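This is what each chain is made of:
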Amino acid sequence: MKLNQSVYQDQAWTFLSETPGFSATNAQLVLAFGERFLLEKLNLYDELRLRFPVADIIINSTSGEIYLDKVHDDSVIVTAIEFEKTRIQTVQIDINKHTESYQAGQKLAEALDAPDLAALFLISDGGKVNGSDLTRALNQLLRPSIPITGGLAGDAARFEQTLVGLNQNPSAGKIVGVGFYGEHLKIGYGSMGGWDVFGPEREVTQANYNVLYQIDDKHALDLYKEYLGKYAENLPAAAFLFPLSMRVTTDSEPLVRTILTIDEATKSMTFAGDMPEKALIRFMTANLDRLIDASATAAQISMKQLDFTPELAILISCVGRKLVLGQRTEEEVEAAREVFGQNAVMTGFYSYGEISPLNTRCELHNQTMTVTVFSEN
């Protein structure tokens, strides 16, 4: 695997790094993660197509860009990949509303599945997609041995619209999948939150998709405010400080769910993922040191699965973590770098949701650092 990395910032391109022997004319995959307003202003696809004539080019908007061990805003980080022994295939699916998410997952699986499929990487619209339904379809149609990772595009903390594009300038309502094929690509993954839980576990008694109405037969928003105390005055912004831990069944591993909006009229809360009835939930709160340690743990998990030194590491972290960590945000990227060492090329972005296996099943996560590492042998 050979890599080239450059960044657009302050109205200029800057070369960052390149593996010896890299050929722009032979690169098969280009990942471009950038700030939404910047992507709307630039004709980025045409420029990248001139530089990388045969590559599949994926562009998406972010809530912050990760490169050079740091977190940046108002930039576009471009990573070009020339595989030496691995074949890739890409597909783009259009989606108009979240109820089409399961069907979108079916189309992705049907387009990319093959006997030699080794892994799947997804970049999805972050506003119109139900990530829980999307991953559910992929789990049902693809072999459990195929790791599925990726994330939902971001839009800073605006939550207006997100942009994704495959071999075109990005727009709203797109999901892009990349299939990696063959036996020479080695992949590791890890996802970790680091939040503290508090209070008893409670049952979801009324919900509709990602809208939570009642917990233990009490209005969800009223109970949430009761737990938040003085912080309730700062809702909905304060919700990033207090996500929920959810278990679909008593035997399930817990997932973290971020609150996107609240509705005072219906006393409900809308989440960035499904909140099914009869699920078990607990309230969570931020511990900054544990959030940063969780990033290192996610990186360590990705390295332990397969005994190799990564050539490329893609970090996808939640915008909620960025808002909570504030000036300490870069510490979680630096923690991952310490695990990988200095030779791995790092890229990534802050998202509206992270996709990574939990045990063997792919799941939508919120408020996690999700890491995918690649190397060819």
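Everything numeric in this text was worked out from a predicted model, so none of it was measured.

What counts, and at which threshold
Residues numbered from 1 in each chain as written. Predicted model: local features only at pLDDT ≥ 70, side-chain atom pairs only at ≥ 80, totals over all residues. Heavy atoms only, no water. UniProt positions renumbered as here; feature names shortened; annotations may be inferred. Helix = DSSP H or I, 4+ residues; strand = E, 2+ residues; numbered from the N terminus. Disulfide = S-S within 2.5 Å. Buried < 20%, exposed > 50% of the residue type's maximum accessible area, 1.4 Å probe, protein only. Pairing = 2+ DSSP bridges. Axes fitted to C-alpha atoms, helices over the stretch in contact; angles between N-to-C directions. Salt bridge = Lys/Arg side-chain N within 4 Å of Asp/Glu carboxyl O. Core = buried A, V, L, I, M, F, W, Y, C linked by side-chain atoms within 4.5 Å. Contact = heavy atoms within 4.5 Å.

Enquirer: Just to check I follow, could you spell out the UniProt feature "domain: FIST" (unreviewed entry) in the chain for this structure?
Expert: Mapped onto the present numbering, the UniProt feature "domain: FIST" (unreviewed entry) falls at residues 26-219. The span residues 26-219 is 19% helical and 45% strand by assignment, and the distance between its end C-alpha atoms comes to 57 Å.

Enquirer: So what exactly am I meant to see when it comes to the state of the cysteines here?
Expert: In protein structure, a disulfide is the covalent linkage between the sulfur atoms of two cysteines. Here the structure, examined in full by the defined rule, presents zero disulfides. Considering cysteine sulfurs only, cysteine 362 is the nearest to cysteine 318, which forms no disulfide, with 16 Å between them. Taking the relative accessible area as the measure of exposure, cysteine 318 reaches 2% and is therefore buried. We classify cysteine 362 as buried; its relative accessible area is 2%.

Enquirer: Can you help me understand the sheet that holds strand 1 (residues 2-9) in this one?
Expert: Note: strands within a sheet are paired through backbone hydrogen bonds, in either parallel or antiparallel orientation. Spatially, six strands are ordered 2-1-7-3-4-11 in an open sheet, and the strand pairing comes out mixed. With partners counted over all chains shown, the strands left at the sheet margins are strand 2 (12-18) and strand 11 (164-166), one partner each. Within this sheet the neighbouring strands show an average axis-to-axis angle of 15°, counted without direction. In this structure, strand 1 lies alongside strand 7 (residues 75-82), joined through eight bridges in antiparallel fashion. When the sheet's bridge partners are listed, leucine 3 is paired in strand 7 with isoleucine 81.

Enquirer: Just checking my understanding: could you explain the pattern of salt bridges for this structure?
Expert: Should their charged atoms come close, side chains of opposite charge can pair. Under the counting rule described, the total for this entry stands at 23 salt bridges. Arginine 328 is the salt-bridge partner of aspartate 289, the closest N and O atoms lying 2.9 Å from each other. Placement of aspartate 289 in helix 6 (residues 288-305) and of arginine 328 in the loop between helix 7 (319-325) and helix 8 (329-340) is noted, with a sequence separation of 39 residues between them. The salt bridge involving arginine 328 is made with glutamate 331; its shortest N-O contact spans 3.0 Å. For glutamate 331, a relative accessible area of 29% gives the class partly exposed.

Enquirer: Whenever I open this one, the pairing of strand 25 (residues 361-365) confuses me. Can you help?
Expert: Within a regular strand, the side chains alternate between the two sheet faces. Taken across its five residues, strand 25 has four buried, putting it largely inside the fold. Here strand 24 (residues 353-358) runs beside strand 25; their pairing, made up of five bridges, is antiparallel. Directly across from proline 357, in strand 25, lies its bridge partner cysteine 362. What sits between strand 24 and strand 25 in their antiparallel hairpin is a turn of two residues, with asparagine 359 showing a positive phi close to 60°.

Enquirer: What's the story with the nonpolar core in this structure? I'm lost.
Expert: Grouped together as the largest cluster of nonpolar side chains are 36 residues, with contacts concentrated most on Leu108, Leu122, Leu138, Leu142, Ile148 and Ile175. The element that contributes the greatest number of residues to this core is helix 3 (residues 101-112), accounting for four residues. Those residues in contact with leucine 122 that lie beyond four places of it in its chain are Leu108, Leu134, Leu138, Ile148, Thr149, Gly150, Gly151, Val176, Gly177 and Ile355. Core analysis: the next-biggest nonpolar cluster, separate from the first, contains 29 residues, Leu29, Leu166, Val176 and Ile187 among them.

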